[in-house]
Amino acid sequence: MTVASPAGDTLFEHAACGLLLARTDGVIVRVNATLCTWLGESAESLMAGRKLQDLFTIGGRVFHHTHCLPMLQVQASVAEVQVDLLHRDRSRVPTLMNIARRAEGDAVYDHVAFFITVERRSYERELMLARREAEAALEARRGAEAQLQALNAQLSRDDRRKDEFLATLAHELRNPLAPVRNAIELLKMKAGAAGPSRPLQVLERQVGHLAHLVDDLMEISRITRGQVALRRQPIDLSHAIRAAADDAMPVVSAAHHSLALSLPSVPLCVDADATRLMQVVLNLLTNAAKYTPPGGQIWLAASREGDQAVITVRDTGIGIPAQSLGTIFEMFSQLTPALDRAQGGLGIGLALVRGLVELHGGSIRADSEGEGKGSVFTLRLPALPADDAAAAPVAPAPARAAPEQLRILVVDDNPDATETMCAMLELHGHLTRSAHDGAGAQQAAAAFKPAVILLDIGLPDMNGYEVARRLRAAPGGEALFMVAATGWGQEDDRQRALSAGFDHHLTKPIDFARLQLLLAEALAR
Amino acid sequence: MDLQRRNNVQVRGDGPVTVVFSHGFGCDQSMWRFLTPAFESRYRVLTYDLVGSGGSDASAYHRDRYGSLQGYADDLLEIVEHYCDGPVILIGHSVSSIIGLLATVKAPERFAAQVMVGPSPCYINDEGYTGGFSREDIDDLLLSMDSNYLGWSSSMAPAIMGVPEQPQLGAELTNAFCRNDPDIARHFAKVTFLSDHRADVAKSTVPALILQCSDDIIAPMTVGSYMKEHLPNSELVVIDNVGHCPHMSAPTASSQAIASFLERIPA
């Protein structure tokens, strides 16, 4: 038995793909029945001078022109080209096309094969769509990220501006405080043995609060701006805690609280700035005293837990509601504004405490069982090894004495400030003159021949550094004892002052006790 | 900048004047292989690839710079400046004839003559202008670019069917010709087919030969006539050819037309 095989012609005509033969200019010379069926055309019509590219859509024609023809020219074949053929009814027939260019004797023909790709094309469209969507999503994400970045930049700009504003505000508030404090000192001295009157006492106390608040504000803004440098050295925590407890005693006893201290029997050393650490503990104690109803109990304890030094301040006070525990260390977070105001708090103290503790590499947390049930503040610092006990004690309070007379020139653009400062100095037996700008300072220095010049940096006509340089360069200038006074108690101010020829630098408002120490130094020269 | 690397610049032949060949959309400098031999005996011949095509440095392709044809024109001027002394003869195909036109407008002193093969200043029909395409046609074109470039990348070329009677075909070309980065090709297509430089045509005063194919859907006869009419110092020669690449399918007729044009212009 023989199996019938299709004749060659049948194989061409009814192949499972569309076949077409064209001249190199595209004119169709043969086409099989399969392709005719797909296109709804007759072979006669297609071979009546029509061209291969006429079967394509416009896009296909351009691609054929710009890609297929040059490739046929160079490499005589193209493979797997996607083209849409146009059906007689103008509908599209998606196909995949291969072309091979062959010489047949003298003539050259393009052999073209088409495969229908409806399914494949829709699959590829989906792929393409998915890819586009992915690209669009990526683009959108990039856009969102850029927006977020811009927003973040804006936020940190705003934050920086807020910090700068606070620093400026603190600075501006500090300046008028100086003459006010001086005036109070004067009034107290004049009161003599009778002691200050009650209104004066109120004034002194409240100005003290105000100065304290402004200092806190200044400190916190310096911490947030990274301008605080710690003077760290190994210290015994017990010394610092005792000193803080001593300082807190007036507040504690005024509210009839009792304060219980529990300190380790062996030295517990930390690498810390003693003044700052005292400030932290004092702040916590003052808070405890403030927020505990009169007659309460405060416990202050220090102990070692492994490689940490732990300080706790516990009270029987009003406590902290659970929802506020997470935010009380943030600036201006207030539990109950009305209550806070009554207690004279701005919400700066705890933010300052946390800032200082974190500068020391430590941590602080607050716990409370609820309102009316007291609070516990737990402060943890890295402890030094137990045997490293060569700790320096907290510096003792400075002695004050400056009995002899000095000629002192006070320069400040604020007449209140110069007037009160001069009065204070004269009460202490010194001779004074004042000037209010750089030119005046130079004239006064030449005429009055002072031994000491107290010079404000912010003068209207020239800055104090320049004035100092000129005074130093003037005849007799090298013997002058010059003290700079600025509102910005910053390290670089200090450096600038010293390099401009100042002997010392003080931060306004000027601590009169410190000034007297400097005057003693001037006298000793 | 390394222009050689950026544009795959190739210099051959010897002569007092340099002929610069700039290829068109879709391919690369290899498409000049049938035409350049006719020039190499009398001229210094420079061919290069547009950035994003052929052997150019694809990393130099920045969508901003190549978001208009002016970016390519600036590249061309940099190449002329760097590689050539006197004024050059420029032969540009298709979109490169317009790129060349922009270069001659910007620096006419650098060009002695321009040969434009199948130029079109604007592909889309407009009032009183027949570019040959509607906006829908162009969208259809961009779509077929998409589908044809879908699976293409420089690392994955489809198998080329064996064609034994092509001895002139170098092996290096077999798999590389017209294989451009799909994303760049799509962007280049968009920039090319949406461009409209009709306003620049009248600004070019460099002597020009417009080489027009008799049957070319990319640059139909109407566009050739428009160019002749608006380009100040131009002549039009029609080559009997189907398609858009007479320099490939009719290289002899093309080189003869160019040679006779070059004889007529002052050296």
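Along each chain, residue indices are assigned from 1 in the same order as the chain's sequence is written. Throughout, the order in which chains and ligands are written sets their labels, letters from A for the former and numbers from 1 for the latter. A pLDDT threshold of at least 70 governs which residues receive local features in this predicted model, and a stricter bar of 80 or more applies before side-chain atom pairs are shown or counted, although totals over entire chains, interfaces and linings include all residues. The side-chain figures draw on all heavy atoms in the structure; neither hydrogens nor water molecules are used.

1. Looking at the overall build of chain A
Okay, step 1: Scanning chain A from N- to C-terminus turns up 15 helices and 17 strands.
Okay, step 2: Residue burial in chain A is summarised as follows: out of 525 residues, 45% are buried.
Okay, step 3: Note on contacts: a residue pair qualifies if any of its non-hydrogen atoms lie within 4.5 Å across the two residues. Of the contacts made within chain A by residues no fewer than 6 positions apart, 62% connect residues no fewer than 24 positions apart.
Okay, step 4: Only the protein chains shown count as cover for residues, and the accessible areas themselves come from Shrake-Rupley with a 1.4 Å probe. Per element, the accessible surface of chain A, about 26,300 Å² overall, is 55% carbon and sulfur. The helix count covers DSSP runs of H or I at least four residues long, the strand count covers runs of E at least two residues long, and both are numbered beginning at the N terminus. Any residue under 20% of the maximum accessible area for its type is buried, any over 50% is exposed, and the rest in between are partly exposed; the area is computed with a 1.4 Å probe on protein chains only.

2. Regarding the overall build of chain B
Okay, step 1: Counting its secondary structure elements, chain B contains 11 helices and 7 strands.
Okay, step 2: For chain B, the share of sequence-separated contacts (at least 6 apart) that also reach a separation of at least 24 residues comes to 77%.

3. With respect to empty space enclosed by the protein
Okay, step 1: Buriedness of a pocket was judged along seven lines, with at least five required to meet protein on both sides within 12 Å; pockets are open sets of points on a 1 Å grid over the protein atoms alone, cavities are sets where a 1.4 Å probe fits but cannot get out, and lining residues have an atom within 4 Å of a point. Grid points are joined across faces, edges and corners, and a volume is the space filled by probe spheres set on the points. Enumeration according to the criterion identifies 3 cavities of 30 Å³ or more in this entry.
Okay, step 2: Quantified by volume, the largest cavity comes out at close to 150 Å³.
Okay, step 3: Contributing to the lining of the largest cavity are 15 residues, with Arg 121 and Arg 125 of chain A together with Leu 143, Ser 144 and Ser 147 of chain B lying nearest its centre.
Okay, step 4: Tallying contributions element by element places helix 5 (residues 135-149) of chain B first for the lining of the largest cavity, with 5 residues.
Okay, step 5: In the scheme used here, Gly and all other residues not listed as nonpolar or charged are polar, with Ala, Val, Leu, Ile, Met, Phe, Trp, Tyr, Cys and Pro taken as nonpolar and Asp, Glu, Lys and Arg as charged. Considered class by class, the residues forming the lining of the largest cavity number 3 nonpolar, 6 polar and 6 charged.

4. Details of a nonpolar patch on the surface
Okay, step 1: Candidate patch residues must exceed 30% relative accessible area and have no salt bridge, after which like charges are joined if within 9 Å and Val, Leu, Ile, Met, Phe, Trp or Tyr side chains if within 5 Å. When a carboxyl oxygen of Asp or Glu is within 4 Å of a side-chain nitrogen of Lys or Arg, the pair counts as a salt bridge. Among the surface-exposed residues, Phe 165, Leu 169 and Leu 173 of chain A lie close enough to one another that they form a single nonpolar patch of about 260 Å² accessible area.
Okay, step 2: Structurally, Phe 165 of chain A can be placed in helix 5 (residues 118-191).

5. As for the side chain of Asp 273 of chain A
Residue and element names in this part refer to chain A.
Okay, step 1: Here Asp 273 lies in the loop between strand 8 (269-272) and helix 8 (274-290).
Okay, step 2: Neither His nor the chain ends contribute to the count of charged residues, in which Lys and Arg are positive and Asp and Glu negative. The buried charged residue Asp 273 lacks any salt bridge, with Arg 276 as its nearest oppositely charged partner at 4.3 Å.
Okay, step 3: Each polar contact in these results corresponds to two N or O atoms within 3.5 Å; when the atoms are within protein, one needs to be able to donate a hydrogen and the other to accept it, and residues that are neighboring in sequence are counted only if both atoms are side-chain atoms. A polar atom in the side chain of Asp 273 sits 2.8 Å from the backbone nitrogen of Arg 231.
Okay, step 4: Those residues in contact with Asp 273 that lie beyond four places of it in its chain are Ala 229, Leu 230, Arg 231, Arg 232 and His 360.

6. A look at the packing of aromatic side chains
Okay, step 1: Only Phe, Tyr and Trp rings are paired, with Trp represented by its six-membered ring, and only when their centres lie within 6.5 Å; those with planes under 30 degrees apart are stacked, over 60 edge-to-face, the remainder tilted. Under the counting rule described, the total for this entry stands at 11 aromatic pairs over all chains.
Okay, step 2: Here the aromatic rings of Tyr 61 of chain B and Tyr 66 of chain B are separated by 5.3 Å at their centres, their planes lie at 20 degrees, and the arrangement is stacked. For the pair Tyr 61 of chain B and Tyr 66 of chain B, a shared accessibility class is recorded, and that class is buried.
Okay, step 3: The rings of Phe 25, Tyr 61, Tyr 66, Tyr 72, Tyr 123, Phe 188 and Phe 193 of chain B are connected pair by pair, giving a single aromatic cluster.
Okay, step 4: One Lys or Arg, Arg 30 of chain A, reaches over the ring of Phe 12 of chain A and ends 4.1 Å from the middle of that ring. Counted as over-ring charges are cases with an Arg CZ or a Lys NZ within 6 Å of the ring centre that also lie within 35 degrees of the ring normal.

7. Some remarks on the sheet that holds strand 10 (residues 308-315) of chain A
All names here are of chain A.
Okay, step 1: What the 5 strands build is an open sheet, ordered 7-9-10-12-11; its pairing is mixed. Bordering the open sheet on either side are strand 7 (258-262) and strand 11 (363-368), each of which pairs with just one other strand. With strand direction ignored, the average angle separating the axes of adjacent strands in the sheet is 15 degrees.
Okay, step 2: When DSSP locates at least two bridges between a pair of strands, those strands are taken to pair. Pairing of strand 10 with strand 12 (residues 375-382), which is carried by 7 bridges, proceeds in the antiparallel orientation. Among the inter-strand pairings, Arg 314 is bridged to a residue of strand 12, identified as Val 376. Note on definitions: angles span 0 to 180 degrees between N-to-C directions of axes, and those axes are lines fitted to C-alpha atoms, for helices only across the stretch in contact.

8. Details of the pairing of strand 1 (residues 18-23) of chain A
Residue and element names in this part refer to chain A.
Okay, step 1: Here strand 1 shows a buried face lined by Gly 18, Leu 20 and Ala 22 and an unburied face lined by Leu 19, Leu 21 and Arg 23.
Okay, step 2: In this sheet, strand 5 (residues 107-116) lies alongside strand 1 in antiparallel orientation, the contact comprising 6 bridges. Bridging from a neighbouring strand, Ala 22 pairs with Asp 110 of strand 5.
Okay, step 3: Both strand 1 and strand 2 (residues 28-31) contribute to a ladder of 3 bridges, which runs antiparallel. In the sheet register, Ala 22 faces strand 2, and the bridge partner there is Ile 28.
Okay, step 4: Between the antiparallel neighbours strand 1 and strand 2 lie 4 residues, among them Gly 26 with a positive phi of about 100 degrees.

9. Here's the deal with the packing of helix 3 (residues 69-83) of chain B against helix 4 (residues 95-106) of chain B
Residues and elements named next belong to chain B.
Okay, step 1: Contact geometry of helix 3 with helix 4 gives a least axis separation of 8 Å together with a crossing angle of 65 degrees. Judged on the interaxial angle alone, helix 4 and helix 3 are roughly perpendicular. In this structure, helix 3 meets helix 4 at a crossing whose hand is right-handed. Facing Leu 69, Gln 70, Tyr 72, Ala 73, Asp 74, Leu 76 and Leu 77 of helix 3, the residues of helix 4 in contact are Val 95, Ile 98, Ile 99, Gly 100, Leu 102, Ala 103 and Lys 106.
Okay, step 2: Per-class residue counts for the contact of helix 3 with helix 4 are 10 nonpolar, 2 polar and 2 charged. These descriptions rest on fixed angle ranges, namely under 35 degrees for roughly parallel, over 145 for roughly antiparallel, 65 to 115 for roughly perpendicular, and the rest for oblique. For a crossing to be left-handed, the near helix must be turned anticlockwise from the far one by less than a right angle; the clockwise case is right-handed.

10. Observations regarding the confidence of the model for chain A
Okay, step 1: Confidence in the prediction for chain A averages 83 pLDDT; 91% of positions are at 70 or higher.
Okay, step 2: pLDDT gives the predictor's per-residue confidence on a scale running from 0 to 100. Counting interchain partners and residues more than four positions distant, the pLDDT-below-50 stretch residues 389-402 of chain A has 24 contacts.

11. What to know about the environment of Glu 119 of chain A
Okay, step 1: Positionally, Glu 119 of chain A belongs in helix 5.
Okay, step 2: Residues Glu 119 of chain A and Pro 94 of chain A, spaced 25 residues apart in sequence, show a C-alpha to C-alpha distance of 9.3 Å.

12. Observations concerning the packing of helix 12 (residues 438-448) of chain A against helix 13 (residues 464-473) of chain A
For any two helices packed against each other, the geometry comes down to the angle between their axes and how far apart the axes lie.
Residues and elements named next belong to chain A.
Okay, step 1: At their nearest, the axes of helix 12 and helix 13 sit 10 Å apart, and the two run at 20 degrees to each other. As summarised for this structure, helix 12 and helix 13 are arranged roughly parallel, according to the angle between their axes. As for how helix 12 packs across helix 13, the hand of that crossing is right-handed. On helix 13, the residues that touch Gly 438, Ala 441, Gln 442 and Ala 445 of helix 12 are Val 467, Arg 470 and Leu 471.
Okay, step 2: Its residues assigned to classes, the contact of helix 12 with helix 13 comprises 4 nonpolar, 2 polar and 1 charged.

13. Brief notes about the sheet that holds strand 5 of chain A
Residues and elements named next belong to chain A.
Okay, step 1: Read from one edge of the open sheet, 5 strands run 2-1-5-4-3, paired in antiparallel fashion. The two strands at the open ends of the sheet, each matched to only one other strand, are strand 2 and strand 3 (77-86). The sheet shows a mean angle of 30 degrees between the axes of neighbouring strands, taken without regard to direction.
Okay, step 2: Its contacts with the sheet place helix 4 (residues 58-75) against strand 3, strand 4 (92-104) and strand 5, and it is angled at close to 150 degrees to strand 3.
Okay, step 3: Running over the sheet, helix 5 touches strand 3, strand 4 and strand 5 and is turned about 95 degrees from strand 3.

14. A few points about helix 8 of chain A
All names here are of chain A.
Okay, step 1: Helix span, expected: 1.5 Å multiplied by one less than the number of residues in the helix. When the terminal C-alpha atoms of helix 8 are compared, their 24 Å separation across 17 residues agrees well with the 24 Å that a helix rising 1.5 Å per residue should span.
Okay, step 2: Summarising burial for helix 8: 12 of the 17 residues are buried, a large majority.
Okay, step 3: Between the side-chain oxygen of the N-cap and the backbone nitrogen of Thr 275 there are 3.2 Å, and the N-cap of helix 8 in question is Asp 273.

15. Quick look at the side chain of Asp 28 of chain B
Residues and elements named next belong to chain B.
Okay, step 1: Looking at the element boundaries, Asp 28 is found in the loop between strand 2 (18-22) and helix 2 (37-40).
Okay, step 2: Buried charge Asp 28 goes without a salt bridge, the closest partner of opposite sign being Arg 33 at 7.8 Å.
Okay, step 3: A distance of 2.5 Å separates the side chain of Asp 28 from the side chain of Ser 30, its partner in a polar contact.

16. Overview of the pattern of salt bridges
Okay, step 1: Following the criterion strictly, the structure yields 34 salt bridges over all chains and no others.
Okay, step 2: With a closest N to O distance of 3.8 Å, Glu 185 of chain A and Lys 188 of chain A form a salt bridge. One end of the pair, Glu 185 of chain A, and the other, Lys 188 of chain A, are both in helix 5, 3 residues apart, so they sit about a helical turn from each other.
Okay, step 3: When its relative accessible area of 29% is taken as the criterion, Glu 185 of chain A is described as partly exposed.
Okay, step 4: Residue Lys 188 of chain A is classed as partly exposed on the basis of its relative accessible area of 26%.
Okay, step 5: Arg 186 of chain B is the partner of Asp 183 of chain B in a salt bridge, and the nearest nitrogen-oxygen pair spans 3.0 Å. Residue Asp 183 of chain B and its partner Arg 186 of chain B are both found in helix 7 (residues 182-193); the two are separated by 3 residues, about one turn of the helix.
Okay, step 6: The class for Asp 183 of chain B is partly exposed, based on a relative accessible area of 29%.

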